[in-house]
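Now for the letters of each chain:
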Amino acid sequence: MSNPYTGSCLCGAVTFETAELSDIWYCHCKQCQKLTGLYISAAGSPRDKLVINGPVNWLPISKKSESGHCEKCGCYMFWSMHDRPNVSVLTGCLDHTNGLQVKGHIFTEDKGDYYEITGGLPQHEGYPAEGTRKT
Ligand SMILES: [Zn+2]
Ligand SMILES: [Zn+2]
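A. The overall build of the protein chain, seen in detail. Summing up its helical and strand segments, the protein chain has one helix and 10 strands in all. The order of helices and strands in the protein chain, counted from the N terminus, is β-β-β-α-β-β-β-β-β-β-β. The C-alpha extent of the protein chain, read off along each of the three principal axes, is 35 × 30 × 25 Å. Put simply, the protein chain has 135 residues, and 32% of those count as buried. A sequence separation of at least 24 residues applies to 55% of the contacts in the protein chain between residues at least 6 apart.

See the structure below:
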């Protein structure tokens, strides 16, 4: 897996590349629900490996975290918590997910009561106990 992971926003104004991505988590927290309407699918890139080109609007969404959106089309692409070494990349923006697996669901305690989580993937009420990969 030496190929870099690449991706872009909906309109193409923002592109990015990273040499490394963690596996994928589905995050059901309230932030993700409000930003997208449901839950997100994201993989983590080491902050220093993520190269972003184009106009990204970083919005403070809590005291510690911000979300990155294309300035032109509004596409939600990144989520970052200041004190974490990884930036979450929303997998819908990726050109490919070769070699990545979905690890499970996190922050299920915030999940809306109007949908069910189906399938056999592990579910965590908050962060997974081990493995520090936050979506
Ligand atoms: Zn765009
Ligand atoms: Zn979330």
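Next comes the rest of the description.
B. Structural detail: the pairing of strand β2 (residues 15-18). Of the two faces of β2, the one holding F16 and T18 is buried and the one holding T15 and E17 is not buried anywhere. Judged from the four bridges that link them, strand β1 (residues 5-8) and β2 form a sheet pairing that is antiparallel. By the bridge assignment, Y5 is partnered in β2 with T18. Between the end of β1 and the start of β2, which pair antiparallel, lie six residues, with G12 showing a positive phi angle near 90°.

C. Examining the nonpolar core more closely. Core analysis: the largest hydrophobic core is formed by 28 residues, its most contacted members being C27, A42, M77, V89 and C93. Listed by contribution, the elements that provide at least two residues to this core are β3 (24-27), β4 (40-46), β8 (76-81) and β9 (86-90).

D. View of the environment of I40. Its place among the elements puts I40 in strand β4. According to the C-beta neighbour criterion, I40 is buried, with 22 such atoms within 10 Å.

E. Highlighting the sheet that holds strand β5 (residues 51-53). Reading across the sheet, the three strands line up as β1-β2-β5 and stay open at both edges, with antiparallel pairing between neighbours. At either margin of the open sheet sits one strand with a lone partner, and together these are β1 and β5. The mean inter-strand angle of the sheet, taken between neighbouring strand axes irrespective of direction, is 15°.

F. How the structure looks around the sheet that holds strand β7 (residues 65-70). A sheet is described by the order of its strands in space; here seven strands give the open sequence β6-β7-β8-β9-β4-β3-β10, paired in mixed fashion. Across the chains shown, the open sheet's two edge strands, defined by having one partner strand only, are β6 (56-60) and β10 (102-106). With direction set aside, neighbouring strand axes in the sheet form an average angle of 30°.

G. Highlighting the pairing of β9. With five of five residues buried, β9 is to be regarded as a mostly interior element. Residues of β9 alternate between two faces, with N86, S88 and L90 on one and V87 and V89 on the opposite face, all of them buried. One ladder, built from five bridges, connects β4 with β9; its direction is antiparallel. In the strand pairing of β9, A42 is matched with L90. Pairing of β8 with β9 involves three bridges; the strand directions are antiparallel. Residue pairing in the sheet places W79 in a bridge with S88 of β9.

H. Structural view of the environment of I24. Position of I24 relative to the elements: it lies in strand β3. Residue classification places I24 among the buried residues on the basis of 20 C-beta atoms within 10 Å. Setting aside chain neighbours within four positions, we find I24 in contact with S41, A42, A43, T91, L100, Q101, V102 and K103.

Scoring rules and cut-offs
- Residues numbered from 1 in each chain as written.
- Chains lettered and ligands numbered in written order.
- Predicted model: local features only at pLDDT ≥ 70, side-chain atom pairs only at ≥ 80, totals over all residues.
- Helix = DSSP H or I, 4+ residues; strand = E, 2+ residues; numbered from the N terminus.
- Buried ≥ 20, exposed ≤ 12 C-beta atoms within 10 Å, placed from the backbone.
- Contact = placed C-beta atoms within 7 Å.
- Pairing = 2+ DSSP bridges.
- Core = buried A, V, L, I, M, F, W, Y, C linked by C-beta atoms within 7 Å.
- Axes fitted to C-alpha atoms, helices over the stretch in contact; angles between N-to-C directions.

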